[in-house]
Amino acid sequence: MLNGVFTIVCGLIITYYAVKKLITSSIFHYAWAAGFLIYGFEIVIRALGAPLLVAQLLYFAASILFVVGIWQLCKTKLVIVTFSMGIAFLFLSAGLFLWGIVSEGILQFISVTILFLFVAIAILQHRLLFGRSTDKLAIGWVLLYLTNLILSNLGWMQDAFAVTAKVIILIGILEYDFVIIADKAQARRYPAPEAGYGDEGGLKLLMSTENLNSALKEANWVKEKTSENVREGVETIIFAFQDVFPHKELRAIKWINPEKVSVYLFSSSAQKVKAEFIVLPMGLAQIGSTLFQATSQCQKTDKGCTVVFLHLSLLIQLFGAEAVYSMIVNKMGYLRENGINLYAVFYPTMHSDPSVVSLFNKLADESIKL
């Protein structure tokens, strides 16, 4: 019963994150949310003694949603070939069962394995193409399969391993990079050779010797850059973190041209400024997801856009150099191909470890002294 309730909770969490735009939602997220809800309901009614046929139909419906969700991110030819082979083998097994050649236990093993492989092959394809963004999802899915196969009918032990597997799957699903990278790859179009290419984006560090309480130099630089962008028709997007940058300065930047300037304030406490700025919860996942969503319009123009982080050093202090570095590295390909210039204010004096300064200097395309 606890396993079933937890499975339903997983579905509700994914739905909440997708609806609230805390992740870059897609058909994948909604399909897996619905799959978890149905799967959890199936476990609950099975524990309450519902007819076996009803439980099996619900399990099959949940499995189909998992398959549809993950394969929606994959290449069409591979979908058709694998799905056709799997269905053919499933019907062959069912026919052999009706003829009495295959037992019910073997048929169940074959059907569960085929449904597992439908999802596993798609995850494997993502792993080969896009790297480690699928690791947690892959580990959780394999663990869930082995739990249902090997620990079947072992009571609390099966439930404990199943819940652990679902926790790992949930964490993997909520990692926004997995879906963002897949969606970008699926929507990719190659221009003709004579079409030319727009300016390439990247990371540029704004090196400041001032402390966080003195934002005058940063504010003046951002105002000048924003005014220049407005004249050239380039959109400017400001990411301000934890209210360290004065709201009056953000307001002044916004009103240079409200149609061409957006301000995203990631704050744990700000409330009254919601009428002026887009206020979001402070979190590294939210920042990464919002970076993609806020710049989605930039993909439709060859002028790109400008994003300013106020301040990168604060993110490093809050979340650690490794986590922030990984987030930016995962976004570099997206920034470059869409002509998005990310300007990040950086305070070398805030970081006692010289390796942190060196790490981000090497990652940046350019360092600008304020």
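The structure under discussion appears in the preceding block.
Definitions and cut-offs
- Residues numbered from 1 in each chain as written.
- Predicted model: local features only at pLDDT ≥ 70, side-chain atom pairs only at ≥ 80, totals over all residues.
- Heavy atoms only, no water.
- Helix = DSSP H or I, 4+ residues; strand = E, 2+ residues; numbered from the N terminus.
- Contact = heavy atoms within 4.5 Å.
- Areas by Shrake-Rupley, 256 points an atom, 1.4 Å probe, with all protein chains shown as cover.
- 1 Å grid on protein atoms, 1.4 Å probe; cavity = no way out; pocket = protein on both sides within 12 Å on 5 of 7 lines; lining within 4 Å.
- Points joined across faces, edges and corners; volume = space filled by probe spheres on them.
- Pairing = 2+ DSSP bridges.
- Axes fitted to C-alpha atoms, helices over the stretch in contact; angles between N-to-C directions.
- Patch = residues over 30% accessible without salt bridge, like charges linked within 9 Å, V, L, I, M, F, W, Y side chains within 5 Å.
- Salt bridge = Lys/Arg side-chain N within 4 Å of Asp/Glu carboxyl O.
- Phe/Tyr/Trp six-rings, centres within 6.5 Å; stacked < 30°, edge-to-face > 60°.
- Buried < 20%, exposed > 50% of the residue type's maximum accessible area, 1.4 Å probe, protein only.
- Expected span 1.5 Å × (residues − 1).
- Core = buried A, V, L, I, M, F, W, Y, C linked by side-chain atoms within 4.5 Å.
- Parallel < 35°, antiparallel > 145°, perpendicular 65-115°, else oblique.
- Left-handed = near helix turned anticlockwise from the far one by under 90°.
- Nonpolar A, V, L, I, M, F, W, Y, C, P; charged D, E, K, R; others polar.

### Topic: the overall build of the protein chain
Link 1 in the chain: If you tally the helices and strands in the protein chain, you get 14 helices and 7 strands.
Link 2 in the chain: A sequence separation of at least 24 residues applies to 77% of the contacts in the protein chain between residues at least 6 apart.
Link 3 in the chain: When the accessible surface of the protein chain is split by element, carbon and sulfur atoms take 63% of a total near 18,700 Å².

### Points about empty space enclosed by the protein
In this approach a probe as big as a water molecule rolls over the atoms, and the regions it shows empty are the leftover space.
Link 1 in the chain: Summed over the entire model, instances satisfying the criterion amount to 1 cavity of 30 Å³ or more.
Link 2 in the chain: Size it by volume and the largest cavity reaches roughly 150 Å³.
Link 3 in the chain: For the largest cavity, the lining is made up of 13 residues, of which Tyr59, Ser63, Trp141, Leu144 and Asn148 are closest to its centre.
Link 4 in the chain: Counting residues per element, the ones that place at least two in the lining of the largest cavity are helix H3 (52-71), helix H5 (104-130) and helix H6 (135-150).

### A short note on the sheet that holds strand S4 (residues 278-280)
What links the strands of a sheet is backbone hydrogen bonding, and the strands pair in either a parallel or an antiparallel sense.
Link 1 in the chain: The 7 strands are arranged S4-S3-S2-S5-S6-S1-S7 in an open sheet whose pairing can be described as parallel. Both edges of this open sheet fall to S4 and strand S7 (366-369), since each of them pairs with a single strand only. Direction aside, the axes of adjacent strands within the sheet are offset by 20° on average.
Link 2 in the chain: Looking at chain direction, strand S5 (residues 305-310) and strand S6 (residues 340-346) are connected through 5 bridges and run parallel. Paired with Cys305 across the strands is Ile340, a residue of S6.
Link 3 in the chain: Against the sheet, helix H12 (residues 312-319) touches strand S1 (202-207), strand S2 (235-241), S5 and S6, its axis set at about 70° to S6.

### Digging into the environment of Glu259
Link 1 in the chain: Looking at the element boundaries, Glu259 is found in the loop between helix H10 (247-254) and strand S3 (261-266).
Link 2 in the chain: Taking the C-alpha atoms as reference points, Glu259 and Val230, 29 residues apart in sequence, are found 9.5 Å from one another.

### A look at a nonpolar patch on the surface
Link 1 in the chain: A cluster of nonpolar side chains, namely Phe109, Val142, Leu146, Leu149 and Ile150, defines an oily patch on the protein surface of about 410 Å² accessible area.
Link 2 in the chain: Among the elements that line the nonpolar patch, the one with the most residues is H6, at 4 residues.
Link 3 in the chain: For Leu146, the location among the structural elements is in helix H6.

### A look at the packing of aromatic side chains
Link 1 in the chain: According to the stated counting rule, one finds 17 aromatic pairs in the structure shown.
Link 2 in the chain: Note on Phe28 and Trp32: the rings are 5.5 Å apart at their centroids and 40° apart in plane angle, and the pair reads as tilted. Placement of both Phe28 and Trp32 in helix H2 (residues 27-47) is noted, with a separation of 4 residues, approximately one turn of the helix. Of the two residues examined, Phe28 and Trp32, each falls in the buried class.
Link 3 in the chain: Ring centres of Phe292 and Tyr334 lie 5.2 Å apart, and the angle between their planes is 45°; on these two criteria the pair is classed as tilted. Highlighted residues: Phe292 in helix H11 (residues 284-294) and Tyr334 in helix H13 (residues 321-337), separated in sequence by 42 residues. The pair Phe292 / Tyr334 is uniform in exposure class, with both members buried.

### Describing H2
Link 1 in the chain: Across its 21 residues, H2 extends 30 Å between first and last C-alpha, which sits within 8% of the 30 Å expected from 1.5 Å per residue.
Link 2 in the chain: Backbone geometry just after H2 places Gly49 at a positive phi near 90°.

### A short note on the nonpolar core
Link 1 in the chain: If you look at the biggest cluster of nonpolar residues, it comprises 38 residues, and the most contacted ones within it are Phe239, Phe309 and Phe360.
Link 2 in the chain: When residues in this core are grouped by element, the largest group, 7 residues, is from H13.
Link 3 in the chain: Setting aside residues up to four positions removed in sequence, Phe309 forms contacts with Phe239, Phe241, Ile287, Leu315, Met327, Leu342, Tyr343, Ala344 and Val345.
Link 4 in the chain: One finds Ile14, Phe66, Val67 and Ile169 within the second-largest nonpolar core, a separate group that totals 34 residues.

### Let's talk about the packing of H11 against H13
Link 1 in the chain: Taken N-terminus to C-terminus, the directions of H11 and H13 make an angle of 15°; their axes are 11 Å apart at the nearest point. Classified by the angle between their axes, H11 and H13 sit roughly parallel to one another. In terms of crossing hand, the pair formed by H11 and H13 is right-handed. Residues Leu284, Ile287, Gly288, Leu291 and Phe292 of H11 form the contact with H13, whose participating residues are Ala323, Val324, Met327, Lys331 and Tyr334.
Link 2 in the chain: The class makeup of the residues in the contact of H11 with H13 is 8 nonpolar, 1 polar and 1 charged.

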